[in-house]
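Chains, contacts and geometry: an overview
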Amino acid sequence: MSVFTLQSVKKDFGIKEILKDASFSLDASDKVGLIGVNGSGKSTLLKAIAGLEPIDSGQILVNSGVRIVYLPQQPDLDENCTVLEQVFADSGEQMMLVREYEELSEKLARNPLDTKLMNRFSEVTQGMDATNAWELETKAKIILTQLGIKDFDAKIGNLSGGYRKRIALAAALLAEPDVLLIDEPTNHLDAMSVEWLQSYLNNYRGAILLITHDRYFLDRVTNRILEIDRGDLYAYAGNYSYYLEKKAASEESAISSQQKHKGVLRRELEWLKRGAKARSTKQKARIQRIEGMQETEFQEITGKVEISTPGRRIGKKVIELNNVSKGYDGRTLIKDFTYEFVPEDRVGIIGGNGVGKSTLTDIITGRVEPDSGTVEIGTTIHIGYFDQHSEELLEAMDENQRVIDYIKEIAEYVETAEGDRITASQMLEKFLFPPNQQYAPIYKLSGGEKRRLFLLLVLMGAPNVLILDEPTNDLDVQTLAVLEDYLEEFNGCVIVVSHDRYFLDRTVERIFSFEEGGNLRQYPGNYSLYLDYKEIEAAQAKEDIIEKKPQETKGKSKKSDRVSRDKSGNRKLSSKEKREFEKLEEKVAKLEAEKEETEKELYNQVPGAVSKVQELHNKVQSLKEAIDAATERWLELAEIDNG
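In this report, the structure presented in the accompanying data block is examined. (Residues numbered from 1 in each chain as written. Predicted model: local features only at pLDDT ≥ 70, side-chain atom pairs only at ≥ 80, totals over all residues. Heavy atoms only, no water.)

Let's talk about helix 16 (residues 447-460)
- Taking 1.5 Å of rise per residue, the 14 residues of helix 16 would be expected to cover 20 Å, and the 20 Å separating its terminal C-alpha atoms lies within 8% of that figure.
- Of all the 14 residues making up helix 16, 13 are buried; the element is thus mostly covered by neighbouring parts of the structure.
- Looking one or two residues past helix 16, alanine 462 carries a phi angle of roughly 55°, positive in sign. (Helix = DSSP H or I, 4+ residues; strand = E, 2+ residues; numbered from the N terminus. Expected span 1.5 Å × (residues − 1). Buried < 20%, exposed > 50% of the residue type's maximum accessible area, 1.4 Å probe, protein only.)

With respect to the pairing of strand 19 (residues 510-515)
- Here 4 bridges tie strand 12 (residues 346-350) to strand 19, and the two strands are oriented parallel to one another. Within strand 19, the residue paired with isoleucine 349 across the bridge is phenylalanine 512.
- Pairing analysis gives 6 bridges linking strand 19 to strand 20 (residues 519-524), with the strands arranged antiparallel. Paired with phenylalanine 514 across the strands is leucine 520, a residue of strand 20.
- The hairpin turn running from strand 19 into strand 20, its antiparallel successor, is 3 residues long, and glycine 517 in that turn takes a positive phi close to 75°. (Pairing = 2+ DSSP bridges.)

Let's talk about the packing of helix 5 (residues 133-146) against helix 7 (residues 191-202)
- Between helix 5 and helix 7, the shortest axis-to-axis distance is 9 Å and the interhelical angle comes to 135°. When the axis of helix 5 is compared with that of helix 7, the two are oblique. Of the residues in helix 7, those touching helix 5 at Lys139, Ile143 and Gln146 are Ser193, Trp196 and Tyr200.
- Of the residues assigned to the contact of helix 5 with helix 7, the class counts are 3 nonpolar, 2 polar and 1 charged. (Axes fitted to C-alpha atoms, helices over the stretch in contact; angles between N-to-C directions. Parallel < 35°, antiparallel > 145°, perpendicular 65-115°, else oblique. Contact = heavy atoms within 4.5 Å. Nonpolar A, V, L, I, M, F, W, Y, C, P; charged D, E, K, R; others polar.)

Notes on the side chain of serine 193
- Within the element layout of this structure, serine 193 appears in helix 7.
- Beyond its immediate stretch of four places on either side in the chain, serine 193 contacts Gln146, Leu147 and Gly148.

So, the nonpolar core
- Core analysis: the largest hydrophobic core is formed by 54 residues, its most contacted members being Leu173, Leu180 and Leu201.
- Broken down by element, the residue count for this core peaks at 7 residues, all from helix 6 (residues 161-175).
- Setting aside residues up to four positions removed in sequence, leucine 173 forms contacts with Ile143, Leu180, Trp196, Leu197, Tyr200 and Leu201.
- With 43 residues, the next largest nonpolar core counts Phe431, Ile442, Tyr486 and Leu487 among its residues. (Core = buried A, V, L, I, M, F, W, Y, C linked by side-chain atoms within 4.5 Å.)

Printed below as a string of structure tokens:
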């Protein structure tokens, strides 16, 4: 059953038509991902559904009794509220009871014999029992903790934008509406919080329509994809992987149809040129058909950003950090860090919020001085820095400046890596800024378009060291995919700070992980390999604890507690573990084959077979989990076997 429906919705901002004739329905069990390039109208569509943005024509029909909660990218919160008060802001009587309960608890701690306080405390406790406020408070604290917020009494006015977004997300989840409209929920979340949110939304009972750049998140949460492309709305049954398969097939079919059309039209025009005489009815009909073919319009292939920018020679010496340390307010963020970057480096920097990732990149670029240690930069190095503090960058733009003039400040034209000489206007078109937008003032661009414009500015500077600080917070999935391809061919050093698992997997070959005490630990490989290493370490640590645990009884150990060791004292596989190890490789291969067959069946489903697609999607996810578990166990046993 649908919870709301769009019928022939149109929306136009003057220089751009956002929605031409959009129609779709959201079912009660749907979890839909909304994608499209920055500025295509994704956020506008969510606002329209939430009733916050008027439409030019058409209808948005919401079923009676359906409750919708909308979470924007930059939520408006009451700065005078505490974290808990803000989360409970829409909870009415329950919030009042929780707040009074907390106040009475504090007063009774100071005056435990006050009879009036005790009587009121009893009444409030009964009220909380009757309204189920206990469960609500517990759930709120669990959600906040999972999103990285532990100080429930902190004032909203003292918190950063990232913390505010997480508090608003917690409030939206706690409200449990029939429909959740969420704009970029994974921004400002670390990897652990994203994993938790992913699991939470998978089990959410209501409908979800969300915008996100996180492609792993899209893949694992959604069962439908909606794409906005130049005013048109396209629907795909299945998750993001399914969308990619169907999209590729659709574009191939469109290209084939267009080529066939051109071939037929060319032959028909040649017939006309030979002097066709319009005497017979048949000939007249043929001429009319040719005229009709000439007027036929084909939908262009989806608008895609093209990145082809000038290159710059890079010398052997890139950036050298020697015993760099940095701290603030008595807290060490970076401790004695030494590393020599080389021209072909692809480094990912990870860690929780506030650990010092951006501080490290600021030290590298010279924006921040280290407390101790040195930073040396090679003479040929030119750094391009795409900063996560995009709001500050956007504020620094002259809003009244024309888009093309903003880019011309860097260069009137550039010579690309392929040797082509192209103008600033042509480069803007490659970045999906058509001529009518190029001569418009910057204030008419969406936030996403401004960020894309800034990325172009950075790349046109021809850097040979590229630092991307949380780029996925600012760019759409289509631009990210093209940026990933660009980085593969980039002739220089790349340093990425990101929580985006997919982006890290695609772009880096070494991980710097912020760990306790300001220590930066290095791991070879991408983010998925880093997770494998951490799982092995966790399993080994658990095993070490078990081995060190004092035996409860003296005497002979139980057979199940015995651990085999070689002459050097290293742990050896038991006979049971050896048999398990031998079978695991075969088991993983069988699971992989079954997953591949299931994915083929999923991709071949006809559009509209939602229940079957969901069933197959769930099976694929279960197989992935089984493969991950078996692989993890194989790695664990292999580590022991290799000694």
